[in-house]
Amino acid sequence: MPFFLFDPEYYKIKEATGLSQAQEMTAYLGGSMFQTVMDNPVTAYRQLVQQYAKDVNGKVVDPKIAVAEANATFKAHPITASLSGVMPRIIGVFFKRVPKFGFLLGISYALGEDSVGSIAAFGASILSAPFINPIRMIEKQQRSYFRQTGTEKPIMEILRESRAEKFRPLFRGTIPLVGHSMASALLGLVGQPELQKYIKKELGSKTEMGRAATGLVASAVVSPIYVVVTNPLSRLEVIMQTAKIDGKGISAGAAVKEVIRDAAEFGLAGAFRGQGIGIFKAVISLTLFHEGRIFLTEAFRTYNKKNEVD
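Here's a quick rundown of the structure.

What counts, and where the lines are drawn
- Residues numbered from 1 in each chain as written.
- Predicted model: local features only at pLDDT ≥ 70, side-chain atom pairs only at ≥ 80, totals over all residues.
- Heavy atoms only, no water.
- Axes fitted to C-alpha atoms, helices over the stretch in contact; angles between N-to-C directions.
- Helix = DSSP H or I, 4+ residues; strand = E, 2+ residues; numbered from the N terminus.
- Left-handed = near helix turned anticlockwise from the far one by under 90°.
- Contact = heavy atoms within 4.5 Å.
- Nonpolar A, V, L, I, M, F, W, Y, C, P; charged D, E, K, R; others polar.
- Parallel < 35°, antiparallel > 145°, perpendicular 65-115°, else oblique.
- Buried < 20%, exposed > 50% of the residue type's maximum accessible area, 1.4 Å probe, protein only.
- Arc of directions from axis to C-beta.
- Patch = residues over 30% accessible without salt bridge, like charges linked within 9 Å, V, L, I, M, F, W, Y side chains within 5 Å.
- Areas by Shrake-Rupley, 256 points an atom, 1.4 Å probe, with all protein chains shown as cover.
- Salt bridge = Lys/Arg side-chain N within 4 Å of Asp/Glu carboxyl O.
- Core = buried A, V, L, I, M, F, W, Y, C linked by side-chain atoms within 4.5 Å.
- Polar contact = N/O pair within 3.5 Å; in protein donor to acceptor, adjacent residues only side chain to side chain.
- Phe/Tyr/Trp six-rings, centres within 6.5 Å; stacked < 30°, edge-to-face > 60°.
- Lys NZ or Arg CZ within 6 Å of the ring centre and 35° of its normal.

1. Concerning the packing of helix 1 (residues 21–38) against helix 14 (residues 275–306)
Here comes step 1: Following both chains from N to C, one finds helix 1 and helix 14 inclined at 145°, their axes separated by 7 Å at the closest point. Of the two elements, helix 1 crosses helix 14, and the hand of that crossing is right-handed. Contacts between helix 1 and helix 14 involve Q23, T26, A27, Y28, G30, G31, S32, F34, Q35 and M38 on the former and, on the latter, S285, L288, F289, G292, R293, L296, T297, F300 and N304.
Here comes step 2: Along the lines of polarity and charge, the residues of the contact of helix 1 with helix 14 split into eight nonpolar, ten polar and one charged.

Structure follows, in structure tokens:
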């Protein structure tokens, strides 16, 4: 049990924000849970588009063929495909987000920041990676044999196979994950809220755009930058984490070479598989997360003020 939970300061309302650290953490987790459930179909589809870069025989195929196969999978199994991986992602809200947001808000609090800054985002990205990677590995393994079986790979089967390898496969893809997590924190958790404040100030005073609309605009501006940075890293994760657990793992270097070969054969379309759906996913995910987080933040702030909580 984290010792900070027993510290009265963790539950004390900060004058600058009108919230306690505990309430801020709860708002971040609530926003993350809302986003995780709602954007799962898009997340699953993007993985399949990137995963189907190879056919069942391991041969690299044209990006158009990969998209067609991903579409066929979703048409054949719409519900199963849409919900695939959602359980480890929901569990991951706690196993992944508690360490990430804990480090993020903890570092920010230690630095005396009123809002989360880039140093906190950088530190949280590195420190939380060992907690996040196993969940992402399990999520991707669940979808890795959809084309062959039409069903998810059971979580317990994934864990049994991993145990036979002393759980080392669960940490495949950690290197690209650190970069992915860093970009996500800097652009998504720090950049989007700051941009939304600016857009709300500039457009909100001249139009009738509300919080949700300005948040959507901010996400739409940040998302292309975010996806350009993270899509290649996401592709490396997919390559490394969808390989057979009981087989030889694919190193980060080998995954990079695979992407380079793909680019050499199919150009930018091969290098940036899933880029378009990635931008759409980023806009939806960022907006859902921040709307959920802000809703809970305002609810806590209103409650504290109404009940004079200190």
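Following the structure, the description resumes.
2. What to know about the packing of helix 5 (residues 86–95) against helix 7 (residues 118–143)
Here comes step 1: Where helix 5 meets helix 7, the closest approach of the two axes is 10 Å, and the angle between their N-to-C directions is 180°. As judged from the angle between their axes, helix 5 and helix 7 are roughly antiparallel. Listed contacts from helix 7 to P88, R89, G92 and F95 of helix 5 are F131, I135, I138, E139, Q142 and R143.
Here comes step 2: Along the lines of polarity and charge, the residues of the contact of helix 5 with helix 7 split into five nonpolar, two polar and three charged.

3. Digging into helix 9 (residues 155–164)
A turn of α-helix holds 3.6 residues, and therefore any two residues three or four places apart point the same way.
Here comes step 1: The complete set of buried residues in helix 9 reads I158, E161 and S162. Angularly, the buried residues of helix 9 cover 100° about the axis, an arc narrow enough to put them on a single face. More than 90 degrees from the buried face of helix 9, the exposed residues found are M156, R163 and A164.
Here comes step 2: Buried residues along helix 9 sit against helix 7.
Here comes step 3: Within two residues after helix 9, K166 carries a phi angle of roughly 60°, on the positive side.

4. Concerning a nonpolar patch on the surface
Here comes step 1: A contiguous nonpolar patch, built from M87, I91, F94, F95 and V98 and spanning about 470 Å² of accessible area, is present on the exposed surface.
Here comes step 2: Inspection of the secondary structure assignment puts F94 in helix 5.
Here comes step 3: Using a relative accessible area of 47% as the deciding quantity, one classes F94 as partly exposed.

5. Overview of the nonpolar core
Here comes step 1: Counting 15 residues, the largest nonpolar core has M25, Y28, L29, F101, L104, L105 and V116 as the members making the most contacts within it.
Here comes step 2: Elements that contribute at least two residues to this core include exactly helix 1, helix 6 (97–110) and helix 7.
Here comes step 3: Considering each element in turn, this core owes the most residues, four residues, to helix 1.
Here comes step 4: Once residues within four sequence positions are removed from consideration, M25 is found in contact with Y10, R97, V98, F101, G102 and L105.

6. What about the side chain of N304?
Here comes step 1: Residue position: N304 is located in helix 14.
Here comes step 2: Here the side chain of N304 touches G18 through a polar contact of 3.0 Å, landing on its backbone oxygen.

7. Re the side chain of R273
Here comes step 1: Topologically, R273 is positioned in the loop between helix 13 (268–271) and helix 14.
Here comes step 2: Judged by its relative accessible area of 3%, R273 is buried.
Here comes step 3: In this structure the side chain of R273 is engaged in a polar contact, spanning 2.5 Å, whose partner is the backbone oxygen of V61.
Here comes step 4: With near-sequence residues (within four places) excluded, R273 lies in contact with Q50, A53, V60, V61, D62, P63, A66, N231, R235, D262 and F266.

8. Here we look at the packing of aromatic side chains
Here comes step 1: According to the stated counting rule, one finds two aromatic pairs in the structure shown.
Here comes step 2: Here R147 stacks its cationic end above the ring of Y52, 4.1 Å away from the centre of that ring.

9. Description of the pattern of salt bridges
Here comes step 1: Counted under the stated rule, the structure contains twelve salt bridges.
Here comes step 2: Among the ionic pairs, K14 bridges to E24, the shortest N-O distance being 3.3 Å. Of this pair, K14 sits in the segment before helix 1 while E24 sits in helix 1; the two residues are ten residues apart in sequence, bridging distant segments of the chain.
Here comes step 3: Between D39 and K281 there is a salt bridge, with its nearest N and O atoms 3.8 Å apart. Linking D39 in the loop between helix 1 and helix 2 (40–51) with K281 in helix 14, this pair joins segments that are 242 residues apart in sequence. Just as D39 is buried, K281 falls in that class too.

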